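Structural characterization, general
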Amino acid sequence: MSEPARGGRPAIGPAISVAYPQELLAEVDRAANRQKIARAEWLRRAAERALPYRNFDQMDSIAPVLAELGGWLDETHEEALDPEATRNEREFRAAGYDACLAVVRDTLRQALDTIDRHAANEAHKQAKAANPAETAERGVVWGRAMGAELAAGLLHGLLLALPTDGENVKFRAALDDPNEDLD
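Conventions we followed
Residues numbered from 1 in each chain as written. Predicted model: local features only at pLDDT ≥ 70, side-chain atom pairs only at ≥ 80, totals over all residues. Heavy atoms only, no water. Helix = DSSP H or I, 4+ residues; strand = E, 2+ residues; numbered from the N terminus. Buried < 20%, exposed > 50% of the residue type's maximum accessible area, 1.4 Å probe, protein only. Contact = heavy atoms within 4.5 Å. Areas by Shrake-Rupley, 256 points an atom, 1.4 Å probe, with all protein chains shown as cover. Axes fitted to C-alpha atoms, helices over the stretch in contact; angles between N-to-C directions. Parallel < 35°, antiparallel > 145°, perpendicular 65-115°, else oblique. Left-handed = near helix turned anticlockwise from the far one by under 90°. Lys, Arg positive; Asp, Glu negative; His and termini not counted. Salt bridge = Lys/Arg side-chain N within 4 Å of Asp/Glu carboxyl O. Polar contact = N/O pair within 3.5 Å; in protein donor to acceptor, adjacent residues only side chain to side chain. Arc of directions from axis to C-beta. Core = buried A, V, L, I, M, F, W, Y, C linked by side-chain atoms within 4.5 Å.

Time to look at the overall build of the protein chain. Tallying secondary structure elements over the protein chain gives seven helices and zero strands in all. Reading the protein chain from its N end, one meets helices and strands in the order α-α-α-α-α-α-α. Classification of the 183 residues of the protein chain by burial places 19% in the buried group. Long-range pairs, those at least 24 residues apart, make up 59% of the contacts in the protein chain with a sequence separation of at least 6. With the model as given, the accessible surface of the protein chain reaches about 13900 Å², and the carbon-plus-sulfur share is 56%.

Following this line, the structure appears as structure tokens:
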């Protein structure tokens, strides 16, 4: 049996030492600092949000798009509030930041509005009432109801993940000192 790990629990296996590239750690630290949390907390949250199913993103299509959006928004936000930039440059970046958020948010909302979860759930209830047996036909109706719920949840989750500070960034970018304490 292994020695107890910290906290009194027995270790599951041998200790593993992992070395991460410095640029990755620096990126994690920047993200954690922006959120005003410790690196460990940032990593815990990232792990909780990780896609739990191996086959979900086999083509590695979702993570790169989210990373590109997040990176562009982070960089543009930082440039929009850079006190060393001219007011015109800051306002340009801030307007782009706000417009990008508006397009992504509006597109997600439009897609969300097209999903009729109620109709899909009602169809499933009616199919189950008409034939409680688990047939392929009823499986299709059930799958559509689940698909509607899950797609709506995915779109809603993406909407919640988007920053909501576009107007504030535009306002601050127009100030002489965009980092001025306004409280």
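Now that the structure is up, let's keep going.
Turning to the packing of helix α3 (residues 62–80) against helix α4 (residues 87–113), a few remarks are in order. Two numbers describe how α3 lies on α4: the axes approach to 8 Å, and their chain directions differ by 150°. Here α3 is positioned roughly antiparallel relative to α4, judged by the angle of their axes. In terms of crossing hand, the pair formed by α3 and α4 is left-handed. Contacts between α3 and α4 involve Leu69, Trp72, Leu73, Thr76, His77, Glu79 and Ala80 from the former and Arg90, Arg93, Ala94, Gly96, Tyr97, Cys100, Leu101 and Val104 from the latter.

Position of arginine 90 relative to the elements: it lies in helix α4. Aspartate 176 provides the closest opposite charge to the buried, unpaired arginine 90, separated from it by 5.7 Å. Polar contacts involving the side chain of arginine 90 include one to the main-chain carbonyl oxygen of alanine 173, which spans 3.1 Å. Every residue in contact with arginine 90, bar those within four places of it in the chain, is listed here: Glu79, Ala80, Leu81, Asp82, Pro83, Ala85, Ala173, Leu175, Asp176 and Pro178.

For the rest of this paragraph, the subject is helix α7 (residues 166–173). Among the residues of α7, Gly166, Val169, Arg172 and Ala173 are the ones counted as buried. Across the axial projection of α7, the buried residues extend over an arc of 130°, all falling on one side. Buried positions along α7 lie against α3 and α4.

Secondary-structure assignment places arginine 138 in helix α6 (residues 136–161). Although arginine 138 is buried, it forms no salt bridge, and the closest oppositely charged side chain is glutamate 134 at an N-O distance of 4.9 Å. Among the polar contacts made by the side chain of arginine 138, one reaches the main-chain carbonyl oxygen of alanine 133 at a distance of 3.0 Å. Apart from residues no more than four positions distant in its own chain, arginine 138 is found in contact with His124, Ala127, Lys128, Asn131, Pro132 and Ala133.

With that settled, the discussion passes to the nonpolar core. Counting 13 residues, the largest nonpolar core has Leu73, Ala94, Tyr97, Leu101, Leu108, Leu162 and Val169 as its most contacted members. Of all the elements in the fold, those that place two or more residues in this core are α3, α4, α6 and α7. The leading source of residues in this core is α4, at five residues. Other than its neighbours up to four places away in sequence, tyrosine 97 contacts Trp72, Leu73, Thr76, His77, Pro163, Asp165, Gly166 and Val169.

Applying the stated criterion across every chain, the model contains seven salt bridges. The shortest N-O distance in the salt bridge between arginine 34 and aspartate 74 comes to 2.9 Å. Linking arginine 34 in helix α1 (residues 22–34) with aspartate 74 in helix α3, this pair joins segments that are 40 residues apart in sequence. Take arginine 34: its relative accessible area is 45%, and that puts it in the partly exposed class. With a shortest N-O distance of 3.2 Å, aspartate 98 and lysine 170 are connected by a salt bridge. Of the two residues, aspartate 98 sits in helix α4 while lysine 170 sits in helix α7, which places them 72 residues apart along the sequence. For aspartate 98, a relative accessible area of 17% gives the class buried. One network of salt bridges, in which partners are shared, links Asp98, Glu167 and Lys170.

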